Amino acid sequence: MNNLFTELENQNKQIPLAEVLRPKTLEDFLGQSNVISANSPLLNLMKTQRLFSLIFWGTPGCGKTTLARLIAAKTNAAFIEISAVTSGVKDIKDAVENAKMNLRSGIKTILFIDEIHRYSKTQQDALLPHLENGTLFLIGSTTENPSFQVVPALLSRVQVIRLNSIDDESMERIIKRGFAYLAKQYMPMDCESGVIDFIINLARGDARYALNVVENAYFASDLKDNRRNLTVAIIESICQKRNTRYSQQEHYDCASAFQKSLRGSDPDAAVYYLAKMIAAGEDPRFIARRLITCAAEDVGNADPNALNVALNAYKAVEILGLPEGRIPLAQAVIYVARAKKSNETIMAIDAALADIDSGKDFPPPMHLRDAHYKDAAKYGFGIGYVYTHNSPDVKQQFLPDELVNRKYTFD
(Lines give C-alpha, C1' and ligand atoms only; values in the text may rest on other atoms or scores of the structure.)
Protein backbone atom coordinates (compact mmCIF):
# COMPACT_ATOMS: atom_id res chain seq x y z
CA MET A 1 0.00 0.00 0.00
CA ASN A 2 2.82 2.39 0.87
CA ASN A 3 4.45 1.71 -2.50
CA LEU A 4 1.15 2.49 -4.23
CA PHE A 5 0.81 5.77 -2.36
CA THR A 6 4.42 6.65 -3.10
CA GLU A 7 3.90 5.91 -6.80
CA LEU A 8 0.79 8.11 -6.86
CA GLU A 9 2.65 10.90 -5.09
CA ASN A 10 5.48 10.75 -7.61
CA GLN A 11 3.05 10.73 -10.55
CA ASN A 12 1.32 13.86 -9.29
CA LYS A 13 4.44 15.81 -8.36
CA GLN A 14 5.28 18.90 -10.36
CA ILE A 15 9.04 18.51 -10.44
CA PRO A 16 10.84 21.86 -10.79
CA LEU A 17 12.78 22.46 -13.98
CA ALA A 18 15.97 22.92 -11.95
CA GLU A 19 15.63 19.33 -10.70
CA VAL A 20 14.66 17.93 -14.10
CA LEU A 21 17.76 19.47 -15.71
CA ARG A 22 20.15 18.68 -12.88
CA PRO A 23 23.35 17.42 -14.62
CA LYS A 24 23.70 13.63 -14.69
CA THR A 25 27.33 13.60 -15.86
CA LEU A 26 30.41 15.66 -15.15
CA GLU A 27 30.46 16.71 -18.81
CA ASP A 28 27.12 18.48 -18.32
CA PHE A 29 28.20 20.16 -15.09
CA LEU A 30 28.82 23.85 -15.72
CA GLY A 31 30.39 26.70 -13.83
CA GLN A 32 33.10 25.22 -11.62
CA SER A 33 36.08 24.93 -13.94
CA ASN A 34 38.37 25.81 -11.03
CA VAL A 35 37.32 22.56 -9.31
CA ILE A 36 36.27 20.23 -12.14
CA SER A 37 38.58 20.48 -15.13
CA ALA A 38 41.10 18.32 -16.93
CA ASN A 39 43.71 17.09 -14.44
CA SER A 40 42.15 18.95 -11.53
CA PRO A 41 42.95 17.25 -8.17
CA LEU A 42 39.29 16.43 -7.47
CA LEU A 43 38.75 14.89 -10.89
CA ASN A 44 41.95 12.86 -10.63
CA LEU A 45 40.87 11.51 -7.24
CA MET A 46 37.54 10.44 -8.68
CA LYS A 47 39.26 8.65 -11.54
CA THR A 48 41.27 6.60 -9.07
CA GLN A 49 38.08 5.73 -7.16
CA ARG A 50 39.60 7.24 -4.04
CA LEU A 51 37.12 8.87 -1.70
CA PHE A 52 37.79 11.49 0.93
CA SER A 53 35.56 13.59 3.15
CA LEU A 54 34.98 17.17 2.14
CA ILE A 55 32.75 20.19 2.55
CA PHE A 56 31.57 22.27 -0.38
CA TRP A 57 31.28 25.93 0.55
CA GLY A 58 29.50 28.19 -1.89
CA THR A 59 26.56 30.43 -2.63
CA PRO A 60 23.06 29.01 -3.26
CA GLY A 61 22.57 27.39 -6.64
CA CYS A 62 26.27 26.97 -7.47
CA GLY A 63 26.08 23.16 -7.78
CA LYS A 64 27.08 21.80 -4.36
CA THR A 65 24.44 19.04 -4.21
CA THR A 66 24.81 18.18 -7.87
CA LEU A 67 28.57 17.80 -7.60
CA ALA A 68 28.20 15.57 -4.54
CA ARG A 69 25.84 13.26 -6.45
CA LEU A 70 28.18 13.17 -9.44
CA ILE A 71 31.12 12.22 -7.21
CA ALA A 72 29.09 9.32 -5.80
CA ALA A 73 28.14 8.16 -9.29
CA LYS A 74 31.70 8.48 -10.59
CA THR A 75 33.14 6.48 -7.69
CA ASN A 76 30.33 3.87 -7.60
CA ALA A 77 29.57 4.79 -3.99
CA ALA A 78 26.24 4.46 -2.22
CA PHE A 79 24.75 7.90 -1.65
CA ILE A 80 22.76 8.82 1.44
CA GLU A 81 21.37 12.34 1.42
CA ILE A 82 20.01 14.14 4.47
CA SER A 83 19.37 17.75 5.40
CA ALA A 84 20.72 19.31 8.58
CA VAL A 85 17.47 21.26 8.83
CA THR A 86 15.30 18.14 9.30
CA SER A 87 17.72 15.48 10.56
CA GLY A 88 19.63 14.71 13.75
CA VAL A 89 21.84 12.19 15.51
CA LYS A 90 19.36 9.35 14.88
CA ASP A 91 19.61 9.90 11.13
CA ILE A 92 23.39 9.82 11.37
CA LYS A 93 23.20 6.50 13.25
CA ASP A 94 20.88 5.07 10.59
CA ALA A 95 23.30 6.18 7.88
CA VAL A 96 26.19 4.51 9.72
CA GLU A 97 24.28 1.22 9.92
CA ASN A 98 23.53 1.38 6.18
CA ALA A 99 27.18 2.15 5.49
CA LYS A 100 28.27 -0.91 7.48
CA MET A 101 25.89 -3.10 5.49
CA ASN A 102 27.26 -1.63 2.24
CA LEU A 103 30.81 -2.42 3.31
CA ARG A 104 29.90 -6.10 3.63
CA SER A 105 29.13 -5.97 -0.09
CA GLY A 106 32.30 -4.07 -0.92
CA ILE A 107 30.50 -0.77 -1.48
CA LYS A 108 31.65 2.53 0.01
CA THR A 109 29.14 5.08 1.27
CA ILE A 110 28.98 8.84 0.94
CA LEU A 111 26.81 10.64 3.48
CA PHE A 112 25.75 13.98 2.05
CA ILE A 113 24.55 16.54 4.59
CA ASP A 114 22.96 19.64 3.11
CA GLU A 115 23.30 22.87 5.13
CA ILE A 116 25.77 21.18 7.48
CA HIS A 117 26.42 24.49 9.23
CA ARG A 118 23.00 24.13 10.86
CA TYR A 119 24.10 21.07 12.83
CA SER A 120 24.87 21.63 16.51
CA LYS A 121 28.26 20.76 17.99
CA THR A 122 26.81 17.51 19.37
CA GLN A 123 25.45 16.51 15.96
CA GLN A 124 28.74 17.31 14.25
CA ASP A 125 30.69 15.39 16.90
CA ALA A 126 28.50 12.35 16.21
CA LEU A 127 30.13 12.08 12.77
CA LEU A 128 33.73 12.00 13.99
CA PRO A 129 34.34 8.34 14.91
CA HIS A 130 32.74 7.07 11.70
CA LEU A 131 34.90 9.31 9.52
CA GLU A 132 37.93 8.36 11.57
CA ASN A 133 37.49 4.59 11.07
CA GLY A 134 36.40 4.81 7.43
CA THR A 135 32.84 3.53 7.87
CA LEU A 136 31.59 6.30 5.61
CA PHE A 137 32.74 9.43 3.84
CA LEU A 138 31.16 12.82 4.39
CA ILE A 139 30.28 15.44 1.84
CA GLY A 140 28.77 18.49 3.47
CA SER A 141 27.40 21.57 1.79
CA THR A 142 27.17 25.03 3.30
CA THR A 143 26.53 28.60 2.27
CA GLU A 144 28.41 29.84 5.35
CA ASN A 145 32.14 29.94 6.01
CA PRO A 146 32.98 26.54 7.58
CA SER A 147 35.64 28.23 9.72
CA PHE A 148 32.83 29.93 11.62
CA GLN A 149 30.21 27.18 11.62
CA VAL A 150 31.96 23.79 11.66
CA VAL A 151 33.69 22.48 14.79
CA PRO A 152 37.52 22.24 14.56
CA ALA A 153 37.51 18.47 15.15
CA LEU A 154 35.36 17.94 12.07
CA LEU A 155 37.25 20.50 10.00
CA SER A 156 40.48 18.58 10.66
CA ARG A 157 38.94 15.47 9.08
CA VAL A 158 37.65 17.07 5.87
CA GLN A 159 38.87 19.14 2.97
CA VAL A 160 37.01 22.40 2.36
CA ILE A 161 36.44 23.18 -1.31
CA ARG A 162 35.24 26.66 -2.25
CA LEU A 163 32.75 26.76 -5.12
CA ASN A 164 32.22 29.98 -7.04
CA SER A 165 28.95 31.53 -8.13
CA ILE A 166 28.07 30.41 -11.65
CA ASP A 167 29.79 32.66 -14.17
CA ASP A 168 27.73 34.52 -16.77
CA GLU A 169 28.89 32.38 -19.70
CA SER A 170 27.86 29.15 -17.96
CA MET A 171 24.64 30.77 -16.76
CA GLU A 172 23.72 31.67 -20.33
CA ARG A 173 24.17 28.04 -21.38
CA ILE A 174 22.06 26.85 -18.45
CA ILE A 175 19.24 29.29 -19.27
CA LYS A 176 19.26 28.36 -22.96
CA ARG A 177 19.20 24.68 -21.98
CA GLY A 178 16.12 25.37 -19.86
CA PHE A 179 14.24 27.19 -22.61
CA ALA A 180 15.20 24.51 -25.16
CA TYR A 181 13.84 21.75 -22.90
CA LEU A 182 10.52 23.56 -22.34
CA ALA A 183 10.13 24.36 -26.03
CA LYS A 184 10.68 20.70 -26.91
CA GLN A 185 8.36 19.38 -24.17
CA TYR A 186 5.50 21.81 -24.75
CA MET A 187 5.57 24.29 -27.63
CA PRO A 188 8.09 26.50 -29.45
CA MET A 189 8.82 29.96 -28.16
CA ASP A 190 10.27 33.31 -29.15
CA CYS A 191 12.36 35.40 -26.74
CA GLU A 192 12.66 39.15 -26.89
CA SER A 193 16.21 40.44 -27.15
CA GLY A 194 17.64 40.97 -23.69
CA VAL A 195 15.63 38.26 -21.90
CA ILE A 196 18.62 36.01 -21.21
CA ASP A 197 20.81 38.89 -20.01
CA PHE A 198 17.98 40.05 -17.77
CA ILE A 199 17.68 36.61 -16.15
CA ILE A 200 21.46 36.39 -15.72
CA ASN A 201 21.41 39.71 -13.90
CA LEU A 202 18.50 38.59 -11.71
CA ALA A 203 20.07 35.24 -10.84
CA ARG A 204 23.42 36.61 -9.65
CA GLY A 205 25.19 33.30 -10.12
CA ASP A 206 22.37 31.12 -8.74
CA ALA A 207 21.54 28.47 -11.36
CA ARG A 208 18.53 27.16 -9.42
CA TYR A 209 16.99 30.62 -9.26
CA ALA A 210 17.69 31.19 -12.96
CA LEU A 211 15.90 27.98 -13.98
CA ASN A 212 12.96 28.80 -11.70
CA VAL A 213 12.64 32.13 -13.51
CA VAL A 214 12.93 30.37 -16.87
CA GLU A 215 10.15 27.94 -15.99
CA ASN A 216 7.78 30.53 -14.55
CA ALA A 217 8.44 33.01 -17.34
CA TYR A 218 7.82 30.38 -20.02
CA PHE A 219 4.38 29.47 -18.72
CA ALA A 220 3.50 33.10 -17.99
CA SER A 221 4.38 34.25 -21.51
CA ASP A 222 1.86 35.21 -24.19
CA LEU A 223 0.44 32.67 -26.62
CA LYS A 224 0.30 33.53 -30.31
CA ASP A 225 0.01 31.14 -33.25
CA ASN A 226 0.86 28.17 -31.00
CA ARG A 227 4.08 29.80 -29.86
CA ARG A 228 5.13 31.30 -26.56
CA ASN A 229 6.30 34.90 -26.75
CA LEU A 230 8.48 35.95 -23.84
CA THR A 231 9.44 39.55 -23.08
CA VAL A 232 11.51 41.23 -20.39
CA ALA A 233 8.32 42.97 -19.22
CA ILE A 234 6.72 39.60 -18.44
CA ILE A 235 9.72 38.54 -16.34
CA GLU A 236 9.66 41.89 -14.51
CA SER A 237 5.99 41.40 -13.70
CA ILE A 238 6.41 37.92 -12.16
CA CYS A 239 9.74 38.41 -10.38
CA GLN A 240 9.87 40.25 -7.11
CA LYS A 241 12.92 42.34 -6.29
CA ARG A 242 15.85 40.00 -5.74
CA ASN A 243 17.33 40.18 -2.26
CA THR A 244 20.99 41.07 -2.02
CA ARG A 245 23.10 37.97 -1.45
CA TYR A 246 24.49 38.42 2.05
CA SER A 247 25.76 35.50 4.10
CA GLN A 248 27.57 35.72 7.41
CA GLN A 249 30.85 35.64 5.49
CA GLU A 250 29.69 38.54 3.32
CA HIS A 251 28.70 40.44 6.46
CA TYR A 252 32.35 40.40 7.51
CA ASP A 253 33.67 40.86 3.97
CA CYS A 254 31.51 43.93 3.26
CA ALA A 255 32.29 45.50 6.62
CA SER A 256 35.99 44.96 5.95
CA ALA A 257 35.78 46.37 2.41
CA PHE A 258 33.76 49.33 3.72
CA GLN A 259 36.37 50.31 6.30
CA LYS A 260 39.29 49.73 3.93
CA SER A 261 37.60 51.91 1.29
CA LEU A 262 37.18 54.68 3.87
CA ARG A 263 40.83 54.30 4.90
CA GLY A 264 41.90 54.35 1.25
CA SER A 265 40.02 57.61 0.59
CA ASP A 266 37.68 56.10 -2.02
CA PRO A 267 34.25 57.64 -1.33
CA ASP A 268 32.62 55.87 -4.29
CA ALA A 269 33.62 52.40 -3.07
CA ALA A 270 32.67 53.30 0.50
CA VAL A 271 29.19 54.45 -0.58
CA TYR A 272 28.75 51.28 -2.63
CA TYR A 273 29.51 49.02 0.36
CA LEU A 274 27.29 51.21 2.51
CA ALA A 275 24.47 50.63 0.03
CA LYS A 276 25.15 46.91 -0.11
CA MET A 277 24.97 46.61 3.67
CA ILE A 278 21.78 48.70 3.86
CA ALA A 279 20.13 46.69 1.06
CA ALA A 280 21.00 43.44 2.86
CA GLY A 281 19.28 44.62 6.04
CA GLU A 282 22.41 45.30 8.07
CA ASP A 283 21.78 47.12 11.35
CA PRO A 284 22.58 50.78 10.50
CA ARG A 285 24.01 51.25 13.99
CA PHE A 286 26.60 48.59 13.18
CA ILE A 287 27.55 50.55 10.05
CA ALA A 288 27.76 53.78 12.04
CA ARG A 289 29.99 52.14 14.65
CA ARG A 290 32.37 51.05 11.91
CA LEU A 291 32.36 54.62 10.64
CA ILE A 292 33.19 55.97 14.11
CA THR A 293 36.06 53.49 14.40
CA CYS A 294 37.48 54.60 11.08
CA ALA A 295 37.15 58.29 11.96
CA ALA A 296 39.27 57.71 15.06
CA GLU A 297 41.64 55.05 13.73
CA ASP A 298 42.33 56.19 10.18
CA VAL A 299 41.57 59.93 10.19
CA GLY A 300 42.39 60.78 13.79
CA ASN A 301 43.90 64.19 14.43
CA ALA A 302 44.51 64.84 10.74
CA ASP A 303 40.88 66.00 10.79
CA PRO A 304 39.39 65.80 14.30
CA ASN A 305 36.00 66.90 12.99
CA ALA A 306 35.61 63.52 11.25
CA LEU A 307 34.90 61.88 14.59
CA ASN A 308 32.18 64.46 15.33
CA VAL A 309 30.62 63.84 11.93
CA ALA A 310 30.62 60.06 12.49
CA LEU A 311 29.16 60.40 16.00
CA ASN A 312 26.42 62.68 14.72
CA ALA A 313 25.63 60.19 11.96
CA TYR A 314 25.13 57.52 14.63
CA LYS A 315 22.77 59.82 16.55
CA ALA A 316 20.90 60.69 13.36
CA VAL A 317 20.41 57.03 12.50
CA GLU A 318 19.03 56.36 15.98
CA ILE A 319 16.59 59.26 15.65
CA LEU A 320 15.52 58.68 12.04
CA GLY A 321 15.93 54.96 11.45
CA LEU A 322 15.79 53.72 7.88
CA PRO A 323 15.24 54.65 5.11
CA GLU A 324 15.86 58.31 6.08
CA GLY A 325 18.94 57.40 8.07
CA ARG A 326 20.73 56.39 4.90
CA ILE A 327 21.20 60.09 4.05
CA PRO A 328 23.23 61.22 7.10
CA LEU A 329 25.11 57.92 6.92
CA ALA A 330 26.09 58.60 3.31
CA GLN A 331 27.01 62.20 4.20
CA ALA A 332 29.32 61.03 6.96
CA VAL A 333 30.80 58.23 4.83
CA ILE A 334 31.74 60.68 2.09
CA TYR A 335 33.23 63.11 4.61
CA VAL A 336 35.34 60.47 6.36
CA ALA A 337 36.50 58.97 3.06
CA ARG A 338 37.64 62.39 1.77
CA ALA A 339 39.26 63.49 5.05
CA LYS A 340 43.03 63.59 5.47
CA LYS A 341 44.31 60.42 7.06
CA SER A 342 46.56 59.69 10.02
CA ASN A 343 46.86 56.47 11.99
CA GLU A 344 48.90 58.14 14.74
CA THR A 345 46.17 57.54 17.31
CA ILE A 346 45.92 53.77 16.99
CA MET A 347 49.67 53.37 16.52
CA ALA A 348 50.36 55.36 19.69
CA ILE A 349 47.94 53.56 21.99
CA ASP A 350 48.83 50.11 20.62
CA ALA A 351 52.56 50.77 21.02
CA ALA A 352 52.04 51.84 24.63
CA LEU A 353 49.85 48.81 25.34
CA ALA A 354 52.45 46.54 23.75
CA ASP A 355 55.15 47.99 26.02
CA ILE A 356 53.05 47.39 29.11
CA ASP A 357 52.14 43.90 27.96
CA SER A 358 55.82 43.07 27.43
CA GLY A 359 56.68 43.95 31.01
CA LYS A 360 57.43 47.68 30.74
CA ASP A 361 54.85 48.42 33.38
CA PHE A 362 56.48 51.18 35.40
CA PRO A 363 55.10 53.62 38.00
CA PRO A 364 55.00 57.38 37.35
CA PRO A 365 57.96 59.49 38.48
CA MET A 366 57.76 60.59 42.13
CA HIS A 367 57.01 64.24 41.33
CA LEU A 368 53.90 63.27 39.30
CA ARG A 369 52.30 61.07 41.90
CA ASP A 370 49.16 62.10 43.77
CA ALA A 371 49.94 64.52 46.59
CA HIS A 372 46.38 65.34 47.68
CA TYR A 373 46.47 63.64 51.05
CA LYS A 374 48.18 64.25 54.38
CA ASP A 375 51.14 61.85 54.26
CA ALA A 376 52.03 62.21 50.58
CA ALA A 377 55.01 64.46 51.16
CA LYS A 378 56.39 62.01 53.74
CA TYR A 379 56.78 59.47 50.93
CA GLY A 380 58.19 62.01 48.51
CA PHE A 381 55.06 62.07 46.34
CA GLY A 382 54.53 65.28 44.37
CA ILE A 383 57.77 66.91 45.53
CA GLY A 384 59.36 68.93 42.74
CA TYR A 385 56.31 69.09 40.49
CA VAL A 386 55.97 72.38 38.62
CA TYR A 387 52.46 73.63 37.79
CA THR A 388 52.72 73.99 34.03
CA HIS A 389 50.35 76.95 33.67
CA ASN A 390 52.48 79.01 36.04
CA SER A 391 55.78 78.00 34.49
CA PRO A 392 55.14 76.85 30.90
CA ASP A 393 58.82 77.09 29.97
CA VAL A 394 60.02 74.69 32.65
CA LYS A 395 60.84 71.27 31.18
CA GLN A 396 59.73 68.28 33.24
CA GLN A 397 59.98 64.53 32.84
CA PHE A 398 56.59 62.91 32.51
CA LEU A 399 57.38 59.38 31.35
CA PRO A 400 58.67 56.83 33.86
CA ASP A 401 62.46 56.87 34.33
CA GLU A 402 62.79 53.59 32.42
CA LEU A 403 61.02 55.03 29.34
CA VAL A 404 62.65 58.44 29.06
CA ASN A 405 62.75 59.54 25.39
CA ARG A 406 60.32 56.76 24.33
CA LYS A 407 58.17 58.05 21.44
CA TYR A 408 54.61 56.90 20.85
CA THR A 409 53.32 59.77 18.73
CA PHE A 410 54.59 60.98 15.36
CA ASP A 411 57.00 63.92 15.23
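Before reading further, recall that the structure is shown in the block above.
Notes on the structure follow. Quick caveat, the model's predicted, so the values are computed rather than measured.

Here the focus is a negative patch on the surface. The grouping of D167, D168, E169 and D197 at the surface amounts to a negative patch. Checked against the element boundaries, D197 lands in helix 11 (residues 195–203).

The next point concerns the sheet that holds strand 7 (residues 222–224). Ordered by their spatial adjacency, 3 strands build an open sheet running 6-8-7, and the pairing between neighbours is mixed. Each end of this open sheet is capped by a strand with a single partner; those strands are strand 6 (189–191) and strand 7. Between one strand axis and the next, the sheet turns through 30° on average, direction left out of account. Note: strand 6 against strand 8 (residues 227–230), 3 bridges, orientation parallel. The residue of strand 8 that forms the bridge with C191 is L230.

Moving on: the pattern of salt bridges. With the rule as written, the count across this model stands at 15 salt bridges. As a salt-bridge pair, D283 and R285 come within 3.2 Å of each other at their nearest N and O atoms. Bridged by salt links that share partners, the residues E19, R22, R69 and E81 form one connected network.

What follows deals with helix 18 (residues 326–338). Between its first and last C-alpha atoms helix 18 spans 18 Å; for 13 residues at 1.5 Å apiece the expected length is 18 Å, and the two agree. Within helix 18, burial applies to P328, L329, A332, V333, V336 and A337. Here the buried residues of helix 18 occupy an arc of 165° about the axis, which is enough to place them on one side. Turned more than 90 degrees away from the buried face of helix 18, the exposed residues are I327, Q331 and R338. On its buried side, helix 18 packs onto helix 14 (248–263), helix 15 (267–279), helix 16 (284–299) and helix 17 (305–320).

Moving on, we get to the environment of P152. When you line up the elements, P152 lands in helix 9 (residues 152–155). Using a relative accessible area of 65% as the deciding quantity, one classes P152 as exposed. Separated by 27 residues in the primary sequence, P152 and D125 place their C-alpha atoms 10.0 Å from one another.

Any pair of aromatic rings gets described here by the distance separating the centres and the angle formed by the planes. Scanning the entire structure with this criterion turns up 7 aromatic pairs. Each ring, one from Y186 and one from Y218, has its centre 6.3 Å from the other, and the planes form 45°; the classification is tilted. Here Y186 is found in the loop between helix 10 (168–185) and strand 6, whereas its partner Y218 is found in helix 12 (residues 207–220), with 32 residues between them in sequence. Using a relative accessible area of 52% as the deciding quantity, one classes Y186 as exposed. Geometrically, the ring pair formed by Y186 and F219 is edge-to-face, given 5.1 Å between the ring centres and 75° between the ring planes. On the criterion of sequence distance, the pair formed by Y186 in the loop between helix 10 and strand 6 and F219 in helix 12 is long-range, its members being 33 residues apart. Taken together, Y186, Y218 and F219 form an aromatic cluster joined through their ring pairs. Lying across the ring of W57, R162 places its NZ or CZ 4.0 Å from the centre.

Among the 6 residues that make up strand 4 (residues 137–142), 6 are buried, leaving the element largely enclosed by the rest of the structure. Across 4 bridges, strand 1 (residues 54–57) lies against strand 4 in parallel orientation. In the sheet register, F56 faces strand 4, and the bridge partner there is S141. Note that strand 3 (residues 109–114) and strand 4 share 4 bridges and pair parallel. Residue pairing across strands places I110 opposite F137, the latter belonging to strand 4.

Read across the open sheet, the 5 strands follow the order 2-3-4-1-5; overall the sheet is parallel. One side of each edge strand has no neighbouring strand; the edge strands of this open sheet are strand 2 (78–83) and strand 5 (159–162). Pairwise comparison of adjacent strand axes, ignoring direction, gives a mean angle of 20° for this sheet.

Every second residue of strand 2 is oriented toward a common face, the buried set being A78, I80 and I82 and the non-buried set F79, E81 and S83. Direction of pairing for strand 2 relative to strand 3: parallel, over a ladder of 6 bridges. Looking at strand 3, one finds that I82 is bridged to I113. Running through helix 5 (residues 89–104), the crossover from strand 2 to the neighbouring parallel element strand 3 is right-handed.

Relative to the helices and strands, H117 is located in the loop between strand 3 and helix 6 (121–125). When its relative accessible area of 12% is taken as the criterion, H117 is described as buried. Within the structure, H117 has its side chain in polar contact with the side chain of T142 (distance 2.8 Å). In this structure, H117 is in contact with T142, T143, E144 and Q149, ignoring residues within four places of it in sequence.

Packing of helix 15 against helix 18 leaves a shortest axis separation of 9 Å and a crossing angle of 150°. Relative to helix 18, helix 15 is oriented roughly antiparallel. Where helix 15 crosses over helix 18, the handedness of that crossing is right-handed. Two secondary-structure elements touch here, helix 15 through P267, A270, V271, L274 and I278 and helix 18 through R326, L329, A330, V333, I334, A337 and R338. Residue classes in the contact of helix 15 with helix 18 are distributed as 10 nonpolar, no polar and 2 charged.

The rules we used
Residues numbered from 1 in each chain as written. Predicted model: local features only at pLDDT ≥ 70, side-chain atom pairs only at ≥ 80, totals over all residues. Heavy atoms only, no water. Patch = residues over 30% accessible without salt bridge, like charges linked within 9 Å, V, L, I, M, F, W, Y side chains within 5 Å. Areas by Shrake-Rupley, 256 points an atom, 1.4 Å probe, with all protein chains shown as cover. Salt bridge = Lys/Arg side-chain N within 4 Å of Asp/Glu carboxyl O. Lys, Arg positive; Asp, Glu negative; His and termini not counted. Charge placed at Lys NZ, Arg CZ, Asp CG, Glu CD. Helix = DSSP H or I, 4+ residues; strand = E, 2+ residues; numbered from the N terminus. Pairing = 2+ DSSP bridges. Axes fitted to C-alpha atoms, helices over the stretch in contact; angles between N-to-C directions. Expected span 1.5 Å × (residues − 1). Buried < 20%, exposed > 50% of the residue type's maximum accessible area, 1.4 Å probe, protein only. Arc of directions from axis to C-beta. Contact = heavy atoms within 4.5 Å. Phe/Tyr/Trp six-rings, centres within 6.5 Å; stacked < 30°, edge-to-face > 60°. Lys NZ or Arg CZ within 6 Å of the ring centre and 35° of its normal. Right-handed = clockwise from strand over helix to strand, strands pointing away. Polar contact = N/O pair within 3.5 Å; in protein donor to acceptor, adjacent residues only side chain to side chain. Parallel < 35°, antiparallel > 145°, perpendicular 65-115°, else oblique. Left-handed = near helix turned anticlockwise from the far one by under 90°. Nonpolar A, V, L, I, M, F, W, Y, C, P; charged D, E, K, R; others polar.

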